Each structure stands twice: as structure tokens, then as C-alpha cells.
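Here is how the chains run, residue by residue.
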Amino acid sequence: LQVEQVKLLDRFSTSNKSLTGTLYLTATHLLFIDSSQRETWILHHHIAAVEKLPLTTSGCPLVIQCKNFRIVHFVVPRERDCHDIYNSLLQLSRTAKYEELYAFSYNPKQNESEQVKGWQLIDLAEEYKRMGVPNANWQLSDANRDYKICETYPRELYVPRTASKPIIVGSSKFRSKGRFPVLSYYHKNKEAAICRCSQPLSGFSARCLEDEHMLQAISKANPSNRYMYVMDTRPKLNAMANRAAGKGYENEDNYSNIRFQFVGIENIHVMRSSLQKLLEVSGTKGLSVNDFLSGLENSGWLRHIKAVLDAAVFLVKAIAVESASVLVHCSDGWDRTSQVCSLGALLLDSYYRTIKGFMVLIEKDWISFGHKFSDRCCQLDGDPKEISPVFTQFLESVWNLTEQFPQAFEYNEAFLLQIHEHVHSCQFGNFLGNCQKEREELKLKEKTYSLWPFLLNEQKKYQNPLYNPDFSPELTLLEPNTVSFNFKFWRNMYHQFDRSMHPRQSVFNLIMNMSEQNKQLEEDIKELEAKIRQRNGQSDAVLVKEHQQSAHPAPRALKTSPCFKKEQPLIPVPDAVRTIEGSNTADNRYSEFVAELSKAEPAVVSLEYGVARMTC
Amino acid sequence: MEFAELIKTPRADNVVLHRPFYLAVEGTLCLTGHHLIFSSRRQDNAEELWLLHSNIDSIEKRFVGSLGTIVIKCKDLRIIQLDIPGMEECLNIASSIEALSTLDSVTLMYPFFYRPMFEIVEDGWRSFLPDQEFELLSSVTDEWRLSCINKEFSVCPSYPPVVIVPKSIDDEALRKVAMFRHGSRFPVLSYYHKKNGMVMMRSSQPLTGTNGRRCKEDERLINATLRPGKRGYIIDTRSLNVAQQARAKGGGFEQEVHYPQWRRIHKCIERFNILQESLIKLVEACNDQSHNMDRWLSKLEASNWLTHIKEILTAACLAAQCIDREGASVLVHGTEGTDSTLQVTSLAQIILDPRCRTIRGFESLVVREWLQAGHPFQQRCAQSAYSNSKQKWEAPVFLLFLDCVWQILRQFPCSFEFNEQFLIMLFEHAYASQFGTFLGNNENERAKLKLLQKTMSLWSWVNRSEELSKFQNPLFEANSLVIWPSVAPQSLQLWEGVFLRWNRPSKFLDEAHEEMINIIKYNKELQAKVNALRRQLAEMETDDRMQENL
């Protein structure tokens, strides 16, 4: 399908500024090429919603909202074309079967052994070994080897050695969806563990001896502190309401040595509508500062991010300060529990702040433990009430940490954004499906590719140039400040594609290029020194002297010096660094303020200007 | 008056100093005429805190038994607490600080007593003279002249002795125009845009009153800046409503009938106590760590600070847009032309003129558009966010300007020769300083105070290489373009370097900044080395060739 003379409107312009071009639909992407040959690609899987607006004089408006927060506003000249595009997009963006997802047709030109190796890149057994399990207190359990006890857990689970199979089975029957307490992270030095599970089926008074034993086994597996924390990540009211449905929370009287704590993170439905409100505000045209701030407040979004991080800080304190083990759960133990466990581990262990470590963390606490990526990200056409930005919140919490500790992370913001992109793209197999069992049934490892080797391959893009691996060496622990003013609106996520809103020069990219260039320069120096040595064949002492003499050459004079004519340009100047993008008044819409004011005075000339790209 | 009379207890021992994010320190407190000095007695890590009395915004005292506590809130927004044993000592010290920090007479201020401990390389009082500025201008255009009409400050008390006006308007006409403008602030040249010869002028409101008075000379003056057949824009920093109300008090705005070649645009930039309250609310919000997210956001919103930032920036962008894109000349004024007018004209220049983004150029801008232009620093900066006295004259007009500059700096981090520290330094010195630069409300007062003879200029200190290095932006690469900042709310940020400076530990951010600077330094070293080696190699090659030729 191909439609010409389509207009792409500026999302924030009130004066209908637009680019004209041609719109194409391919099997996987929507493509728009404007008159200056700039291409806009949109993956069908990224489309969250398509909306046809009422017909206008210039044509039929079509608004496409994407899961990566891109919003494009097309105007199609003929209504019939618009209708065709609309219908096609509806079909293309709503997939009924996994096998129709992009990952099953995506072919990155890898051979089979590369594909297999790619999937082996992240090895969770290796990861548990790195943490220090199995050991005297913790062992690998084969109870779920055939997914018989819990379908949404992985096959391999680590449990206290003293937890026998009957205890595991009994406990799992007393937990929602069979998700009994298992090890998520083991802190070697403190000998304390982060464990995770779902809510107990306690109702108003039910007890389960095996479950009580299970918790006791966890607390006994920690020789440093017999007390353990049980963190219910839900608001107390929600947990109490669950009791009426035969679920609920642990009664402190029935379990020995536990300290029970609610931490009040809201459920997936609250989070979904919170994000919806946030996007409504940030997408408003001609937004005032106060409408933005009050919209931000009313959306509750930053409050939720803070709640998640506060919960992680609570967990980390229990382990780092009291050496106590912590059992974390919410309702089913795959949303809030994943957030809190993974953020807790990230704060405790610097390994997860490396590029590879972060992949491992996501594989472990999100993918293997059954965060329902398919449902939450709406990979297949399904129940809209299952959609929720739980994983996005996790990434945003990590971003907040990288802002507070700019040197503690090997990866940068682009890495987080890229992961977010691919969680929704369905281009790689990693995030397809809702649990490991489902992934095995889909034969993802044979039929699709893993994202991680591709990210590792281009890891230069994702490296933080300020990263210091020895950051606070004596304690790898991060202690974030969670005072409200530390939480900021994540503009680079929610306005990733609205270029006019971003700084026109990026310090970060500049430093990244520079630190990349430094490596190249180091190489050049070695090479040049070798050449000189070779030419000289003389004593090094002379060489050193000459170096000192020419420590501060005048580069400009050099260019004109005749002996340099045959030389290559001195230093490759990183052009990208100097580019000032989109620096023009029209992008910034100051003039719209004039338009508003001059309504009473129609003679006022319009200050609108065409796009004049300026680069230096 | 002797300071000694005010200092009943010049020294107290066993005083404990509390600051956020630092351990409490015990030491000795001394009061001098201009400073509060605290020194810890610890041998291993002697620490001294010097605080100018003029930096103190307010103090509170309370007692628990005989232990007194003084909380000192400073104009730079820092808060410290001193525990002083002995009720009498504490009361004495508190009353001394109160008296010394609220001296009535300017000539008792520290700048009149300060003796610099550094060698003066360049006298800052002579660094930015109007003649030099005019010389630059006359090299590109001859349509303007330097008028000495205000030599004895006889025409306009808040203008400098010399101003730049259109050549075709003589002093006699200027006198008439001065009668027609509020505070006699007749239109003068603020900025000449070399690229297209368009200009920005500034003035105060015309005194049209309710019966629509007009002044032919005024019309002639501003029309003299227009090219034949071209329009100009008058940017009135008040809303139309406010401007209309001003007529009742004798003020007003330019009527279309009398200024047919001009289009008037009204912007709404707030003034005086509204801004002061905004600052007070913002600082209050930032200082309370216990706020939950909703409360923090609603307090930030209620402060309106970022709204003011957006309004000011938008007006400045608009002025710049008229000049650069529309190819039109602009006249900016509000009521007095000493506050919002200067915010707009100075920010527009930062957007338009690369020179204003250098350290020297920015200093010159502050001198021209703020000090010489008669922004009443002494009135506006008498008190900061902790003041209890609600005087009408205090307003963070200059701080808002600096914040706007910071916003642009953040969006164009490589286009400025100076860094954030430079802006923070100017903020501090505008409110409390050992230098005379920001004393007085205009050049007239400064001349009467003989600041030039009796005090040191801030620029004499700043423009020494030792100091300059602290304020240089390592990322600076001259950018000759006009820089258009985004004014979307999503693009504006709270200036953490000022408002959260004392409210959070900055160790990790500082270290990261240091690392960034190291990478840049290392890059320069490596480049120099590669160049040196290449040259060496090339020389060897030519030597070889010459030998071959021989």
C-alpha cells in the first residue's frame, strides 16, 4: 500500500505546520518519506492505537500512538485511502498468534550456531554460581523440573536445603498460582537472601504448616540473622481486600521470626491509568508550566516511581544493615515483586550495573520468574486490562539511579531506551510469551533470535563514558536519596521522538565520542611512535627530547606548513559533536504566543517560518 | 558609628556548628564588623567558615535550658545552625548579628573596608566603558551617536552619563522625549544586530495618560530606527490589561494611530512582590525534605517560579525572533524599564549574539544591560528568600535572569564560554559581596558613593586567570549561530545548582563532573601529542627527502 501527498503534522504545533511525503505500508513497518527524503519507520508491533479523526478541509487525519511513546499525526488527502490505511494498520498491529510476530520472520543473517550461541550468552545457572549458590544452606531444587508445581516459574529453582519436597509442595499449594518462596538473590557477604513468592491463600484465618516451615527454612538458611522480613509490596487495603477472596497476607502470629511490612505500591490497573494520564498531559499542545506540573502530580506517576524505589531501599536496608533475609511478594508475585527484587539486587550488587549484568538481571527476575511480558506489553491482541507499564517503571527507576550516581553504571540511558524499544518490538524472542514454559513450547530458541548478543555487539553505543568500576569500592551498595525532588520527568523516554524539546547539544554524546576518540588517539600515538622509532633506528633518548620540544604545536600553523601537504588531516574532527539540531524558531513555537495575542489585531504579520536547518 | 558598639560578645567558645550533610563541628565563634567566623579547634582538620554579615537574610534563636541555638539563613539560600552555650552570650551574639546584617548605611558595608589580597592586573571599573562599546558599534554603522546629555545625571537619574541614540535625534529632542517617558527613561540603543542591521531599543512606558498625550519627538526618535517601508515591534512586557490600567496613573502605551509603523505585542512578565513571593515559596518547597511527591509537585507548581522563567524566556525569544527572522527593529519596555525590560533585552542578546556567551561578553552584558541601565540592585537584592520584612522593592529579577541563562546554557552546553559556577557566583555577589560592583541602584548613586575610588570591582577579581579557570566551560566551542532555546515546560528544569545546592549531598555529581573534565583534558593532551608526533614524522620525511635530493 502506498499513498502520496500525505502530510505529517508537527505534534505540538497549533498552526498545523507539516511535512508532505509518501506513506508506505510494508508487512512489518509503516514508512513515511518526506519531501527531503527523511524516513520515519514505525514497526507495526509498536503501534498501540490508531485513531481516525473527523474529516477536515485538508484531508482525513490519522493519529498513531506507539508503545515507545512516539505519536504521529498524518493527514491523508482522500478519505478512502485513510480508511484503507486505518484498516490495514488495525489488522497489522493486532496479532492473534505468537507465530505471526516479527521475531518469527526476522532474519538477521546469523547461522544456526550463532543463533544457539546467542541464546547461551546469558546463563542463569552461572549467575547463581556467581552469587555463591548452591552452598551449605541453599540448593538447587528439581521440584519444578517439569513445571509440575508451578507453571509460571522456571524449571530451576533455588531453595533452602532444609526445605524438603513435601514442604515445597505444601507451600506451593498455599500460594497464589503455586508461586512458593524461592531464592531471587543471595548476598554472599551478609549470607542473607532475597526470596520471592506470591500471596498466601490465608483468607481470614487459614494456615499452612508447610508454608510456615518454608519461611522458617529461609530464615534458618541465614546464619547472621534469624529474623526475616516479609515485604508485602501492596497497599495494606488491597491486601486486606484479598482476604475476602481467600487470599491475603501472612499473619505474624503464625510464622516464627518474621517481621511483616506493607510497602504500598499500587496495582497494574492504577499504573496503567497513571501512565495514560501522564501521556495525556505531556502530549498537550501549548502546555503551560503549571498545567504540566499539576498534570504530573495528578497522574501520580512520579509518586509510583518513588514508591517502587522506596520499597527497594527498604529491602536493601534490611539486608545491608541487619543482614536479614527478605521475602518479597505482591499478589501473584510477577509485577511489583519483580520490580522490588531486581532493584534491590541492583542496589546491592555492582555486577548488575554492568551491561552484561543488567541483561542477567532482566533474564533472572523478569523473564525467568514469569513477568507476563506478552500480556503487559500487549504483544498479542488480548485483554486491555492486562496491559501495564510495570517494566517501564523498572527502567525509569534505574534511570533515576543513573542520574544520582552518574559513575556507578556501565550502561547509559540509550541502553535503557533500547531495551524498552525491544520489549515492545517483538523482534527478538526474549520477551515473547508470559513465562518460560510458554517460551519453550513456542520453540523460541530455534525459531527466533536473542536480543542480548545484538546489544553486546553494539555496546559502544550503550557505554557510559563516566563509568568507574571502582565506584565506592568498599561498599558496592548504592544508597539513593529518595527525597521527592530527586525524581524528574523522564523526557528522553516520553518525548524521545520530539526532538525540539531536547537540549540541542548533548554533553553526554560529546563525552562519549571524546572518550571513544581518546582510545583511537592512544592507538595513533603508539603507531606513530613505532614509526618514528623505526625511522630513527637511533637511541630513544633523542626521541624523548624531541617529544618535549614539540609538546605544544600550533595546529593552525601546521596546516599551512609546506611539509604537511601530503599529510592526512591532523585529527578527525567529530562532526556530529558540533551539529546543532533543529535549531530554529519555528520548532520552538514562540510565535504561537504572538498568534494568540494578536487575534484582536488581524493585521499582525505571522511570524511563522519554514524549516531552516542550521548546522555549524 | 563603631562596629565595636554592636559587638557585645566578640567571641564564644565551645560553639557547635550544624550544616546539612556534614558532621557537627565544635569550635570557636568570632564576630567582626563584617564577618561571622567559625573555626573548629580540631588539630587534624582545622576548618574555618567565614560568613559575611550582609549575606545573612534572617536569624532565629531558641533556647533549651542555658543552651542557645541560632539558626542563620543566608541570602545564598544556605542554612546553618550554631549551638552556643550560655544564654547571655547567645543573646548578645544574636542581637549583634541582627544589627550587623541590617546596617542602614551603604558606606558601612564591607566593600568600603575590604582590602584585596591579590595583585590587580586590570581595574574592573575600567573594563567596560561605554566609549569602547560605541567604538565597536561605529565600526559597523554610522547611524548612531554617543550622547552626553545625561552627564550630570540631570536628565535621567537612573541612566548612565552617556547613552547611544539615533544620530538624527539631537539632545534638545531627547530632552522632550525624556519628559514623555516614565522616569525620563527615553528610548536608547540596547543592541545592534550586525547580521541585518536591525536594532533593539529599550525605554520605560510613555506617559500617555488617559487623554492620549503624544510626543512628536518620541515618535520621531523611534521611527528613526526603522528602515524605509519597514515595520517595527514594540514588546510591552505587561499584559494589555495592566498597560491600560497604567494610563490612569499617567502611564500607558504607544497608540497605533501615533505609531502606525509599529506593532505592539503584550507579554506578561510579573514584577516585584509577586516574584519575591515566588522565590520564597520555591525555596520553602526545596528546603522541606519531608514532602511527599504530590506535595512537592504542587508546591513547585504553586511557587510559579518556572512559569516566570517560561514567560521571560518566551518574551526574549520573541524579541530575538522579530530581529533575526522578521528583520524588524524592536523597542522593549514595561513600566519603569528597569526590570522585566532588562530581562528581555539581555536574554535576547544571549540568544542572538555569540559574544554575549563568552565570559568577557557576558560581563559586559551585565554591566551594560543591568548596572549601567539602572537595575536597582540595592533595592532588589536587599533581602532574599528568608526575609520576613515584606518591602515592596525586593524582587529576584536578576536571579530569574541568571536562571534563564542557565536554562539556555543547559540546552546549548557547548555554546557558552562560562559554566554554571559563573552564574552562581554572580548570584552570590549580587546579594552579598566584598566588591562594590552591585552596590547602589544606578550609576548616579554609584558616583555619589565614589565606589570607583573606594571599593574594588568584582571584575578585577574575576578576570584574573586563577579565578577565571574556575568559571570556564571545558566544552566551549565558539558557536556563531543564533541559539533558540525550547520553552516547553518539559524542557525547563529547576536550577538545582542554586535551589537544591544545600539540600542534597553532591559528592557523586561533583565526582562525575570532575571525571568529565578529565576526559576532556586527556583528549586535548592526546591530540597535542599526536600532532607533535605527526610533525616530527613529517620533518623526518622531509629531511630524508632533502638528503636524497642532495
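Treat the numbers as computed from the prediction; the structure is a model and nothing was measured.

On a plain count of helices and strands, chain A comes out with 25 helices and 14 strands. Sorting the 616 residues of chain A into buried and exposed places 57% on the buried side. The contacts of chain A with a sequence gap of at least 6 include a subset with a gap of at least 24, amounting to 70%. For chain A, the exposed surface amounts to about 26,700 Å²; the carbon and sulfur share of it is 49%.

The next point concerns the nonpolar core. Ranked by size, the top nonpolar core spans 231 residues in total, and within it A:Phe358, B:Phe362 and B:Phe499 carry the most contacts. Element by element, the count of residues in this core is highest for helix 10 (residues 301-322) of chain A, at 14 residues. Residues within four places of A:Phe358 in sequence aside, it is in contact with A:Leu346, A:Tyr351, A:Tyr352, A:Phe394, A:Leu395, A:Val398, A:Tyr411, A:Phe415, A:Leu416 and A:Ile419. With 30 residues, the next largest nonpolar core counts B:Val163, B:Ile164, B:Val177 and B:Met201 among its residues.

This paragraph deals with the environment of B:Glu467. Looking at the element boundaries, B:Glu467 is found in helix 18 (residues 465-471). When sequence neighbours within four positions are dropped, the list of residues in contact with B:Glu467 reads B:Trp461 and B:Val462.

Attention now moves to helix 11 (residues 359-372) of chain B. All names here are of chain B. Taking 1.5 Å of rise per residue, 14 residues should cover 20 Å, and helix 11 covers 18 Å from first to last C-alpha, within 8% of that figure. Most of helix 11 sits out of view: 13 of its 14 residues are buried. If you check the start of helix 11, you find a side-chain oxygen 3.0 Å away from the backbone N of glycine 361, and it comes from threonine 358.

This part takes up the UniProt feature "active site" (unreviewed entry) in chain A. All names here are of chain A. Mapped onto the present numbering, the UniProt feature "active site" (unreviewed entry) falls on Cys330. With respect to the element layout, cysteine 330 can be found in the loop between strand 14 (325-329) and helix 11 (336-348). Ignoring anything within four residues of it in the chain, the contact list for cysteine 330 reads Cys197, Ser198, Gln199, Asp232, Thr233, Arg234, Asp335, Arg336 and Thr337.

To continue, consider the pairing of strand 2 (residues 18-25) of chain A. All names here are of chain A. Pairing geometry for strand 1 (residues 2-9) and strand 2, over 6 bridges, is antiparallel. Across the sheet, residue valine 6 finds its bridge partner in strand 2, namely glycine 21. Sheet topology note: the strand 2/strand 3 (residues 29-34) ladder contains 5 bridges and is antiparallel. Across the sheet, leucine 23 pairs through a bridge with phenylalanine 32, a residue of strand 3. Between strand 2 and strand 3, which pair antiparallel and follow one another directly, the connecting turn spans 3 residues.

Let's shift gears to the packing of helix 11 of chain A against helix 12 (residues 355-368) of chain A. All names here are of chain A. At a minimum axis separation of 10 Å, helix 11 and helix 12 run at an interaxial angle of 150°. Considered as vectors, helix 11 and helix 12 are oriented roughly antiparallel to each other. Crossing handedness for the pair helix 11 and helix 12: right-handed. Here helix 11 contributes Ser338, Gln339, Cys341, Ser342, Ala345 and Leu346 to the contact with helix 12, which in turn contributes Phe358, Leu361, Asp365 and Trp366. A breakdown of the residues in the contact of helix 11 with helix 12 according to their chemical character gives 6 nonpolar, 3 polar and 1 charged.

Let us look at the domain arrangement of chain B. Entries for chain B in the domain assignment read domain 1 (3-103), domain 2 (130-504) and domain 3 (508-539). Averaged C-alpha coordinates put domain 1 of chain B and domain 3 of chain B at centres separated by 45 Å.

Turning our attention to the pattern of salt bridges. A complete count under the given rule lists 63 salt bridges over all chains for this structure. A salt bridge links B:Arg534 to A:Asp524, with the shortest nitrogen-to-oxygen separation between them at 4.0 Å. Residue B:Arg534 is found in helix 20 (residues 507-549), and its partner A:Asp524 is found in helix 20 (residues 507-536); the two belong to separate chains. The pair formed by B:Arg534 and A:Asp524 is uniform in burial state, with each residue classed as buried. The shortest N-O distance in the salt bridge between B:Arg19 and B:Glu47 comes to 3.0 Å. Residue B:Arg19 is located in the loop between strand 1 (11-18) and strand 2 (25-31), and its partner B:Glu47 is located in the loop between strand 3 (35-40) and strand 4 (48-52); the two are separated by 28 residues in the primary sequence. A residue is classified by how much of its surface remains accessible, and B:Glu47, at 30% relative accessible area, is partly exposed. Salt bridges here are not isolated pairs; linked through shared partners, they connect A:Asp335, A:Lys372, A:Asp375, A:Arg376 and A:Glu386.

Definitions and limits used
- Residues numbered from 1 in each chain as written.
- Chains lettered and ligands numbered in written order.
- Predicted model: local features only at pLDDT ≥ 70, side-chain atom pairs only at ≥ 80, totals over all residues.
- Heavy atoms only, no water.
- Helix = DSSP H or I, 4+ residues; strand = E, 2+ residues; numbered from the N terminus.
- Buried < 20%, exposed > 50% of the residue type's maximum accessible area, 1.4 Å probe, protein only.
- Contact = heavy atoms within 4.5 Å.
- Areas by Shrake-Rupley, 256 points an atom, 1.4 Å probe, with all protein chains shown as cover.
- Core = buried A, V, L, I, M, F, W, Y, C linked by side-chain atoms within 4.5 Å.
- Expected span 1.5 Å × (residues − 1).
- Polar contact = N/O pair within 3.5 Å; in protein donor to acceptor, adjacent residues only side chain to side chain.
- UniProt positions renumbered as here; feature names shortened; annotations may be inferred.
- Pairing = 2+ DSSP bridges.
- Axes fitted to C-alpha atoms, helices over the stretch in contact; angles between N-to-C directions.
- Parallel < 35°, antiparallel > 145°, perpendicular 65-115°, else oblique.
- Left-handed = near helix turned anticlockwise from the far one by under 90°.
- Nonpolar A, V, L, I, M, F, W, Y, C, P; charged D, E, K, R; others polar.
- Domains from an automatic or database assignment.
- Salt bridge = Lys/Arg side-chain N within 4 Å of Asp/Glu carboxyl O.

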